[in-house]
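Below, each chain spelled out in residue letters.
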Number of protein chains: 2
Amino acid sequence: MADQAPKMTMESAVEVLKRQGCRITPQRIMILEYLLSTDDHVTAEELYEQVKLMYPHISFSTVYRTLELLRDAGLITQTDLGKGTWSYHPIDRADHHHLICLGCGEMWEIPQDTFDEVHRQIMERYSFDALMVHYAIYGRCERCR
Amino acid sequence: MADQAPKMTMESAVEVLKRQGCRITPQRIMILEYLLSTDDHVTAEELYEQVKLMYPHISFSTVYRTLELLRDAGLITQTDLGKGTWSYHPIDRADHHHLICLGCGEMWEIPQDTFDEVHRQIMERYSFDALMVHYAIYGRCERCR
DNA sequence: GTACTTGCAAATGCTTTGCATATCC
DNA sequence: GGATATGCAAAGCATTTGCAAGTAC
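What you are looking at is a predicted structure, and each value in this text was computed from that prediction instead of being measured. (Residues numbered from 1 in each chain as written. Chains lettered and ligands numbered in written order. Predicted model: local features only at pLDDT ≥ 70, side-chain atom pairs only at ≥ 80, totals over all residues. Heavy atoms only, no water.)

On to the overall build of chain A, then. A tally of regular secondary structure across chain A gives five helices and six strands. Each helix and strand of chain A, placed in order from N terminus to C terminus, yields the pattern α-α-α-α-β-β-β-β-α-β-β. By its C-alpha atoms, chain A is 45 × 35 × 20 Å across when sized along the principal axes. Here chain A holds 145 residues, and the buried ones make up 41% of them. Sequence separation of 24 or more characterises 56% of the internal contacts of chain A that already satisfy a separation of 6 or more. For chain A, the computed accessible surface area is about 7,900 Å², with 50% contributed by carbon and sulfur atoms. For chain A, the distance from the average position of its 15 positive side-chain charges to the average position of its 22 negative side-chain charges is 5 Å. (Helix = DSSP H or I, 4+ residues; strand = E, 2+ residues; numbered from the N terminus. Buried < 20%, exposed > 50% of the residue type's maximum accessible area, 1.4 Å probe, protein only. Contact = heavy atoms within 4.5 Å. Areas by Shrake-Rupley, 256 points an atom, 1.4 Å probe, with all protein chains shown as cover. Lys, Arg positive; Asp, Glu negative; His and termini not counted. Charge placed at Lys NZ, Arg CZ, Asp CG, Glu CD.)

Residue and element names in this part refer to chain B. Turning to its location among the elements, Val-63 is positioned in helix H4 (residues 60–72). With relative accessibility at 0%, the residue Val-63 sits in the buried group. For Val-63 and Met-8, which are 55 residues apart along the polypeptide, the C-alpha to C-alpha distance reads 20 Å. Those residues in contact with Val-63 that sit more than four places away from it in its chain are Ile-31, Ala-44, Leu-47, Tyr-48 and Ile-58.

When the UniProt feature table is mapped onto this chain numbering, "binding site: Zn(2+)" (unreviewed entry) sits at A:Cys101, A:Cys104, A:Cys141 and A:Cys144. Across 44 residues, the annotated set stays spatially compact, with a maximum C-alpha separation of 8.3 Å. If we skip the residues at most four places from it in the chain, A:Cys101 touches A:Glu106, A:Trp108, A:Gly139, A:Arg140, A:Cys141, A:Cys144 and B:Phe128. Positionally, A:Cys141 belongs in the segment after strand E6 (136–140). Since its relative accessible area comes to 5%, A:Cys141 is described here as buried. (UniProt positions renumbered as here; feature names shortened; annotations may be inferred.)

Before going further, it helps to examine the nonpolar core. With 26 residues, the main nonpolar core has B:Ile31, B:Leu35, B:Leu47, B:Val63, B:Leu67, B:Leu70 and B:Leu75 as its most contacted residues. Those elements that place two or more of their residues in this core are helix H1 (10–19), helix H2 (26–37), helix H3 (44–54) and H4 of chain B. Sequence-distant contacts of B:Leu70, that is, excluding residues within four places in its chain, are made with B:Leu17, B:Ile31, B:Leu32, B:Leu35, B:Leu75 and B:Ile76. Counting 25 residues, the second largest nonpolar core, distinct from the first, contains A:Met8, A:Ala13, A:Cys22 and A:Leu47. (Core = buried A, V, L, I, M, F, W, Y, C linked by side-chain atoms within 4.5 Å.)

Within the structure, DNA strand C sits among 20 residues, and A:Thr25, A:Gln27, A:Thr62, B:Tyr64 and B:Thr85 are positioned closest to it. Considering DNA strand C, the proportion of its atoms within 4 Å of the protein that are sugar or phosphate atoms stands at 61%. Contacts to DNA strand C include A:Thr25, whose side-chain N or O atom sits 2.7 Å from a phosphate oxygen. In the model, a base oxygen of DNA strand C is placed 2.8 Å from a nitrogen or oxygen of the B:Arg23 side chain. The set of elements that each furnish at least two residues to the surface near DNA strand C consists of helix H2 (26–37) and helix H4 (60–72) of chain A together with H4 of chain B. Residues that form the surface near DNA strand C fall into these classes: seven nonpolar, eight polar and five charged. (Near = heavy atom within 4 Å. Polar contact = N/O pair within 3.5 Å; in protein donor to acceptor, adjacent residues only side chain to side chain. Nonpolar A, V, L, I, M, F, W, Y, C, P; charged D, E, K, R; others polar.)

Written as structure tokens, this is what we have:
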């Protein structure tokens with residue numbers, strides 16, 4: 001769990017895709033480029049809108065298909081941040097979790113290692129390698145309690 | 001976190017609903033009855049099918065509206081168990097979490113208190129009352145690793 | 001050249017909504 | 001009696017799919 005993903009670059013990401021026999025298309029590059037350029041956690045729709053600015057021909061199916069590809073390749077995480085749809089984020093920057101207040105909707109980041117001990121315990125007791133990366137933790141903040 | 005929800009019965013559930021000004025209709029009773037009678041975590045569709053056996057007139061909208069009502073009333077939990085839609089479960093039986101293997105899809109239950117320590121830490125450090133109830137924890141089981 | 005990708009449009013599937021009717025209290 | 005809840009059908013919306021055309025390698 002504590003093992004950190006190495007810093008991801010365009011090159012390393014492309015390398016991973018090539019190794020899996022995927023072709024490198026302009027659409028995939030644009031999508032990767034945007035994902036790597038922002039610190040936000042983007043939804044398919046946001047990504048579509050952004051990529052469209054530079055590449056007006058992009059289609060929604062390509063965005064969905066590419067996000068699925070990148071997720072299965074282990075390059076991005078897919079998280080439910082309460083937007084009603086998935087949010088995506090490069091895996092190397094997913095070294096944190098989110099506290100999301102059910103009252104005011106505000107969001108805080110907490111460090112990756114919060115779950116290290118639980119991960120260790122679950123591994124020890126159940127031989128289960130829990131994927132505790134980039135969690136969305138709902139609850140109530142001090143003000144809203 | 002460690003505080004256990006009291007055992008839920010038809011009577012106590014109805015009591016909660018009444019206190020909120022909700023009316024007690026046969027549909028709501030049937031839905032509650034099924035939820036309380038099974039140990040499964042049911043989806044809206046499964047619930048619809050089951051209730052339909054005893055009350056053929058039930059409609060999908062009623063099921064959805066009732067599940068939303070029961071969730072907002074704090075009587076049931078809504079969890080993503082990887083079925084592609086929400087699963088529902090009486091809150092008093094939600095005293096556990098699920099390990100779900102991304103390889104074989106198998107599911108194991110682990111005790112509620114697994115996250116007690118993390119909950120305490122998050123409260124202490126961020127004054128955030130994390131709602132760590134009935135989590136779905138994805139990962140890989142021993143065989144699939 | 002060939003298998004992989006894309007764009008388009010249509011289909012899908014879950015969920016929500018408007019509204020007239022029924023019903024709980 | 002009056003506010004609530006229901007059923008139905010239609011709408012909504014995010015996502016997926018089939019397929020012909022395009023393209024990476």
